[in-house]
Amino acid sequence: MATAANTTAGPAKDGAPAPNAPAPPKTLNGIVKQVLSGDTVVIRATKGAPPPEKQITFSHVLAPKLARRPGAGGDETKDEPWAWESREFLRKKLIGVEVTFTYDKPANSNREYGFVWVGKDKETGENVVESIVREGLVTVRREGRPTPEQQTLIELEDQARAANRGKWAHNVNPADKVRNIKWSHENPAHIVDIYGGKPVKAIIEHVRDGSTVRAFLLPDFHYITLMIAGIRCPGVKLDADGKPDLSVKVPFADEARYYVETRLLQRDVEIRLESVNNSNFIGTILYPKGNIAESLLREGLAKCVDWSMAVMKTGADKLRAAERIAKEKRLRQWQDYQAKTPAFNSKEKDFTGTVVEVFNGDAINVRLANGQVKKVFFSSIRPPRDQRAVVGTDGEEIVKAPPRGKNYRPLYEIPHMFEAREFLRKKLINKKVQCNLDYISPMRDNFPEKHCYTVLIGGQNVAEAMVAKGLATCVRYRQDDDQRSSAYDQLIAAEQQAIKGQKGLHAKKDNATLRVNDLTVEHSRIKVQYLPSWQRALRTEAIVEFVASGSRLRLYVPKDSCLVTFLLAGISCPRSSRPALNGVPAQEGEPYGDEALTFTRERVLQRDVSVHIDTTDKAGSSVIGWLWTDQNVNLSVALVEEGLAEVHFSAEKSEYYRLLKSAEDRAKAAKKNIWANYVEQVPEEKVVVEEDKDEKVVVERKVNYENVIVTEITDTLTFFAQSVDNGPKLEALMNKLHADFQANPPIAGSYTPKRGDLVAAQFTFDNQWYRAKVERIQGNNATVLYIDYGNKETLPISRLAALPPAFSSEKPYATEYALALIALPADNEDKEEALRAFSDDVLNHKLQLNVELKVGNGPHLATLHDPTTKTDLGKQLVADGLVLVEKRRERRLKELVEQYRTAQEAALAAHLAIWKYGDITQDDAPEFR
């Protein structure tokens, strides 16, 4: 030992041959490192790292033998009764405790025998040998003439026998004091599943190196070899035969083992099993001061290991943080560490923005608040790649895929690439994201420098979500490479789960490519194969893949799996500038061409849109039609309204001509963009003095505008409107109703509705529950009116449920009105045209409503006004020749009726719409009856 202390004379130890001149036993101090059995301990010195050790066998006593595992120097043996109890008595009393001990070594013995006292002074300390004899857990040797110490032990043993203590108890079956140890496990993974990731109590029995231990799992005594998850400590080098080569000293290996021994060896700990590696278990060890892996990393005695960190359920981020501390302090293994990650300024490192474009599965464009657009690459992941490339073990392409033809489109032809892009597009486009810079990848192989970020949306890591679905793989790094995602461990864990679930790229079946018909190249197939069905369809769903100019786009049509060039109908848009490409010189754009391109890109690029295709261009290479954005906005009208396009003469025959013309007039009036220098001769308007008007009106017409949104239109020209002020209340009510039905879904068929009942109905479009009134029952179907929106639907009775009382007290949020002073024409085609125009003008628009006349039982008569242009929309329908003026005699409406009649006479004189063949009201004359 390193610390020698008092030496005192004493009797020779029994059980060992007495020498002719016995040496006095030595007295030393130390700390108990390990208890080998009920009569043997290992004591280490109080100084040194690691300090010297000495094994002491107690004098004059014999403890029951502990079980021996097979292969450890012999065959498997069982515990002798009370062997474990005697070992545990000493372990709990002595491990980590400073003791005083005496020892001597008989001449013909390999062992050193002695006594142990708790504390620094044997005169005042507890004699451990006497204590274990007193507990009846060992047997005292009685051969030969006893020494005074031996005689004391004999007397204590007699007392233990008399008191039935320990192994001398008569009422205990010795077989009950023998452990059933599971030395080996045929299915280690099953053991992991049994404990289910929960901490299990354990005792560390052996420390092989700083990151590998052997332990008993209690209370079932599973004996396991455990590799500490997420780390690796320096260990012993192996020779050519795979055996430890003790002649080679590995830096910090002994220090790491000593660090773990002093904290864990024969201590009570908790182990959380994470996984298995061959016959070894992988897990986390928790001791009173925390996670031993974190401690080792913080001291620079271990390094993080990606492969085992991936199996950890929690805590990987703490391990990285602990390792980072050791790197910054350059402790032990990191004494020569040099950080490779460059410093970033705060503006470059973290920012929030809106996603405007998604690239092929590994990058996005993000627009910042100042309008700047940044390209953001996802950290530490790779998108699907060409399967013809040869990939190394680190994930890098050793041999790149041979080149494809000029019409090769990797987005569709590389398996899972389109699926990955679609996942990102649907999740991110036009959404706010938080971008945290992890590293900058330098320029390589003609590829520019990449800024790689962890991208979060709603707190979720987008890259992790991709990897979890098998739509990307993790980049593998060298162990000392810090150029990686800050959430790298979560990425690795997500990839392991995707592999286990055989998702996406990890599926065993062959990954088929997406078959796409490229009509931007194969023009001849447009008219013959696709155009007829597109023309018949009211609307066709599509995705905008590319915007070439304000009115020229490339669409992907999922239903037909084809790409097609699409031109916006009804407008003429200025040409945008074009960069030099493939030897073609750059072209300057027309005024406001680039602004039109930007306007269109910001509203439809990579968005879901709906189109109606009318025809093709003269060459048959592109289709021409109308496009509605995901907000149901007609893009042609929007461009004209913004002054970025003008109405084309071909629009005159279109049903949208009136909308286009009105939008163009408003743009001209506001002198927007291309109309900035437009001058129009405006005739002088006759100003009517308000006081004079009041004198002519006998009963005053009341004007009290209410902001509303029209939600539904009926075929009789009545409409349902919601008050804008009630919007937040309605939204809160719907959220509460949806949450209630999600938490307590009704049992289908348990409710029998009756006509007039206020019920909850499950809307077919989104399968959500809404308040409704039953209008008619027909067999197993019911027609309901959704009272908060005004739309009707016939659906199975099984989709109806009783409305909870908490939702029945509030009045309907949608009110039905009739358009004042308006009558529909008798002809069905004219009626449909009027309803379509009215729908385009008001449906889902924010308008101003004024109740002109309250009717007893029917809907109140109301007028609707555009808040921007101050246009009376009912009067505009009259002026466009789409409806007739109703005959009303109320004096308060007299002036309004006269204005409507003036508009009708102007439409008749111009032969507009229903008046194109003359005055249709003449059919009511007596001679035609």
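What counts, and where the lines are drawn
- Residues numbered from 1 in each chain as written.
- Predicted model: local features only at pLDDT ≥ 70, side-chain atom pairs only at ≥ 80, totals over all residues.
- Heavy atoms only, no water.
- Helix = DSSP H or I, 4+ residues; strand = E, 2+ residues; numbered from the N terminus.
- Contact = heavy atoms within 4.5 Å.
- Areas by Shrake-Rupley, 256 points an atom, 1.4 Å probe, with all protein chains shown as cover.
- Lys, Arg positive; Asp, Glu negative; His and termini not counted.
- Charge placed at Lys NZ, Arg CZ, Asp CG, Glu CD.
- Core = buried A, V, L, I, M, F, W, Y, C linked by side-chain atoms within 4.5 Å.
- Buried < 20%, exposed > 50% of the residue type's maximum accessible area, 1.4 Å probe, protein only.
- Domains from an automatic or database assignment.
- Pairing = 2+ DSSP bridges.
- Phe/Tyr/Trp six-rings, centres within 6.5 Å; stacked < 30°, edge-to-face > 60°.
- Lys NZ or Arg CZ within 6 Å of the ring centre and 35° of its normal.
- Axes fitted to C-alpha atoms, helices over the stretch in contact; angles between N-to-C directions.
- Salt bridge = Lys/Arg side-chain N within 4 Å of Asp/Glu carboxyl O.
- UniProt positions renumbered as here; feature names shortened; annotations may be inferred.
- Polar contact = N/O pair within 3.5 Å; in protein donor to acceptor, adjacent residues only side chain to side chain.
- Disulfide = S-S within 2.5 Å.
- Bend = angle between axes of the 7 residues up to and from the residue.
- Expected span 1.5 Å × (residues − 1).

J.: Can you lay out the overall build of the protein chain for me, pointing to particular residues and giving the numbers?
T.: Along the backbone of the protein chain there are 22 helices and 46 strands. Counting only C-alpha atoms, the protein chain reaches 155 × 75 × 55 Å along its principal axes. Within the protein chain, contacts between residues at least 6 apart in sequence are counted, and of these 61% link residues at least 24 apart. Accessible surface, the protein chain as shown: approximately 49,500 Å² in total, 48% of it carbon and sulfur. Averaging the coordinates of the 131 positive side-chain charges in the protein chain and doing the same for the 128 negative ones gives two points 5 Å apart.

J.: Any chance you could break down the nonpolar core for me, citing the residues and the numbers?
T.: Of all hydrophobic cores here, the largest spans 42 residues; its most connected members are Trp534, Leu555, Phe566 and Leu627. Considering every element that reaches this core, the biggest residue donor is helix 16 (residues 635–641), with 5 residues. Beyond its immediate stretch of four places on either side in the chain, Leu627 contacts Val544, Leu555, Phe566, Leu568, Val604, Val609, Ser610, Val611, Val633, Asn634 and Leu635.

J.: Break down the domain arrangement of the protein chain for me, with residues and values.
T.: Looking at the protein chain, the domain boundaries give domain 1 (26–175), domain 2 (188–334), domain 3 (351–387 + 410–506), domain 4 (517–577 + 590–675) and domain 5 (699–726 + 812–928). The gap between the C-alpha centroids of domain 2 and domain 5 is 80 Å.

J.: Any chance you could break down the pairing of strand 40 (residues 792–796) for me, citing the residues and the numbers?
T.: Along any regular strand the residues' side chains alternate between the sheet's two faces. With 5 bridges joining them, strand 39 (residues 781–785) and strand 40 adopt antiparallel strand pairing. Opposite Asn781, over in strand 40, you have Pro796 as the bridge partner. Remark: 6 residues form the turn of the hairpin made by strand 39 and strand 40, two consecutive strands paired antiparallel; Gly790 in that turn has positive phi of roughly 95 degrees.

J.: Now, about unusual backbone geometry: what can you tell me, with residues and values included?
T.: In this structure, the amide linkage connecting Leu218 to the following residue, Pro219, adopts the cis form with an omega of 5 degrees. Among the secondary structure elements, Pro219 is positioned in the loop between strand 10 (212–217) and strand 11 (222–228). Although it is not a glycine, His416 adopts a positive phi angle of roughly 75 degrees. Following the sequence through the fold, His416 ends up in the loop between helix 10 (410–413) and helix 11 (417–428).

J.: How would you explain the packing of aromatic side chains if you had to name every residue and give the values?
T.: Counted according to the given criterion, the structure contains 26 aromatic pairs. Between the aromatic rings of Phe741 and Trp769, the centroid separation amounts to 4.8 Å while the plane-to-plane angle is 15 degrees, which identifies the pairing as stacked. Of the two residues, Phe741 sits in helix 19 (residues 727–743) while Trp769 sits in strand 38 (residues 769–778), which places them 28 residues apart along the sequence. Overall, the relative accessible area of 5% leaves Phe741 in the buried class. Aromatic ring contacts, followed pair by pair, group Trp84, Trp183, Phe216, Phe221 and Tyr223 into a single cluster. For Arg263, the ring lying beneath its charged end belongs to Tyr259, and the centroid distance is 3.6 Å. Of note, Lys303 hangs over the ring of Trp334, and the distance from its end group to the ring centre comes to 4.5 Å.

J.: Provide a residue-level description of the sheet that holds strand 40, including the pertinent values.
T.: The 5 strands lie next to each other as 40-39-38-37-41, forming an open sheet whose pairing is antiparallel. The sheet is open, and its two borders are formed by strand 40 and strand 41 (800–802), each paired with just one other strand. Neighbour-to-neighbour, the strand axes of this sheet turn through a mean angle of 50 degrees, independent of strand direction. Its contacts with the sheet put helix 19 on strand 37 (758–762), strand 38 and strand 41, and the angle it makes with strand 38 is roughly 75 degrees.

J.: Run through the pattern of salt bridges, naming residues and quoting values.
T.: On inspection of all chains with the given rule, the structure shows 47 salt bridges. Salt-bridge contacts for Arg425 lead to Asp608; the nearest nitrogen and oxygen are separated by 3.0 Å. Residue Arg425 is located in helix 11, and its partner Asp608 is located in strand 32 (residues 608–616); the two are separated by 183 residues in the primary sequence. A residue is classified by how much of its surface remains accessible, and Arg425, at 4% relative accessible area, is buried. Across the pair Arg476 and Glu495 runs a salt bridge whose closest N-O atoms are separated by 2.7 Å. One end of the pair, Arg476, is in the loop between strand 26 (473–474) and helix 13 (488–500); the other, Glu495, is in helix 13, and 19 residues separate them in sequence. On the basis of relative accessibility, which here comes to 33%, the residue Arg476 falls in the partly exposed class. Each of Arg87, Glu88, Arg91, Glu205 and Asp268 takes part in one network of salt bridges that share partners.

J.: Give a description of the sheet that holds strand 42 (residues 814–819) that names residues and reports values.
T.: Read around the barrel, 5 strands follow the order 35-36-42-45-44 and close on themselves; strand pairing throughout is mixed. On average, each strand axis in the sheet is inclined to that of its neighbour by 60 degrees, with strand direction left out of account. Two elements, strand 42 and strand 45 (residues 860–865), share 3 bridges in a ladder whose sense is parallel. When the bridges of strand 45 are listed, Leu819 appears paired with Ala862.

J.: Give me the UniProt feature "domain: Tudor" (unreviewed entry) in the protein chain: which residues, what numbers.
T.: Under the UniProt annotation, "domain: Tudor" (unreviewed entry) lies at residues 752–810. Helix makes up 0% of residues 752–810 and strand 47%. Its end C-alpha atoms lie 23 Å apart.

J.: How would you sum up the side chain of Glu274? Please name residues and give values.
T.: Looking at where Glu274 falls in the secondary structure, it is placed in strand 13 (residues 268–277). The residues touching Glu274, leaving out its near neighbours within four places in the chain, are Val192, Ala229, Ile282, Gly283, Thr284, Val311, Met312 and Lys313.

J.: Explain the pairing of strand 33 (residues 623–628) residue by residue, including any values.
T.: With 5 of 6 residues buried, strand 33 lies mostly within the body of the structure. Pairing of strand 30 (residues 562–568) with strand 33 involves 3 bridges; the strand directions are parallel. The residue bridging Phe566 from the neighbouring strand is Val623, located in strand 33. Looking at chain direction, strand 32 and strand 33 are connected through 6 bridges and run antiparallel. Opposite Ile613, over in strand 33, you have Gly625 as the bridge partner. Connecting strand 32 to the next strand, strand 33, in antiparallel fashion are 6 residues, including Gly620 with a positive phi near 75 degrees.

J.: A description of the side chain of Arg771 should follow, citing residues and the corresponding values.
T.: One can find Arg771 in strand 38. Arg771 sits in the buried class, given a relative accessible area of 0%. A polar side-chain atom of Arg771 sits 2.9 Å from the main-chain carbonyl oxygen of Phe807.

J.: I'd like a rundown of the environment of Lys303, residues and numbers included.
T.: In this fold, Lys303 is placed in strand 16 (residues 303–304). By relative accessible area, which is 26% here, Lys303 ends up partly exposed. Once the C-alpha coordinates of Lys303 and Pro383 are considered, the two residues, 80 residues apart in sequence, prove to be 29 Å apart. The contacts of Lys303, once residues within four sequence positions are left out, are Gly230, Ile231, Arg232, Leu297, Glu323, Gln333 and Trp334.

J.: Explain the environment of Leu568 to me, using residue names and the numbers behind them.
T.: Note that Leu568 resides in strand 30. As a C-alpha pair, Leu568 and Pro859 span 291 residues in sequence and 40 Å in three-dimensional space. The residues touching Leu568, leaving out its near neighbours within four places in the chain, are Gly550, Ser551, Leu553, Gly625, Leu627, Leu635, Ser636 and Leu639.

J.: So, the state of the cysteines: which residues are in play, and what are the values?
T.: A complete count under the given rule lists 0 disulfides for this structure. Cys233 forms no disulfide, and the closest cysteine sulfur to it belongs to Cys304, at a distance of 11 Å. With no disulfide of its own, Cys452 lies closest to Cys435 among cysteine sulfurs, the gap being 12 Å.

J.: Before we move on, can you summarise helix 14 (residues 524–536) with the specific residues and values?
T.: Owing to its 3.6 residues per turn, the α-helix brings residues three or four apart onto one side. Where helix 14 bends most, the angle comes to about 55 degrees, and this point is Tyr530, followed within four residues by the proline Pro532. Those residues of helix 14 not exposed but buried are Ile526, Tyr530, Leu531 and Trp534. Where the residues of helix 14 are buried, they touch strand 27 (517–518), strand 28 (540–547), strand 29 (552–557), strand 30, strand 32 and strand 33.

J.: Break down the environment of Leu297 for me, with residues and values.
T.: Relative to the assigned elements, Leu297 resides in helix 6 (residues 292–298). Measuring from C-alpha to C-alpha, the distance between Leu297 and Asn278 comes to 25 Å, with 19 residues separating the pair along the chain. Residues within four places of Leu297 in sequence aside, it is in contact with Ile231, Ala302, Lys303, Cys304, Leu319, Ala322, Glu323 and Ala326.

J.: Can you tell me about helix 1 (residues 83–94), naming the residues and giving the values?
T.: For helix 1, spanning 12 residues, the distance from its first C-alpha to its last is 17 Å, which sits close to the expected 16 Å at 1.5 Å a residue. Taken as a whole, helix 1 has its buried residues at Ala83, Trp84, Ser86, Arg87, Glu88, Leu90, Arg91 and Leu94. Positive phi shows up at Gly96, right after helix 1, with a value of about 80 degrees.

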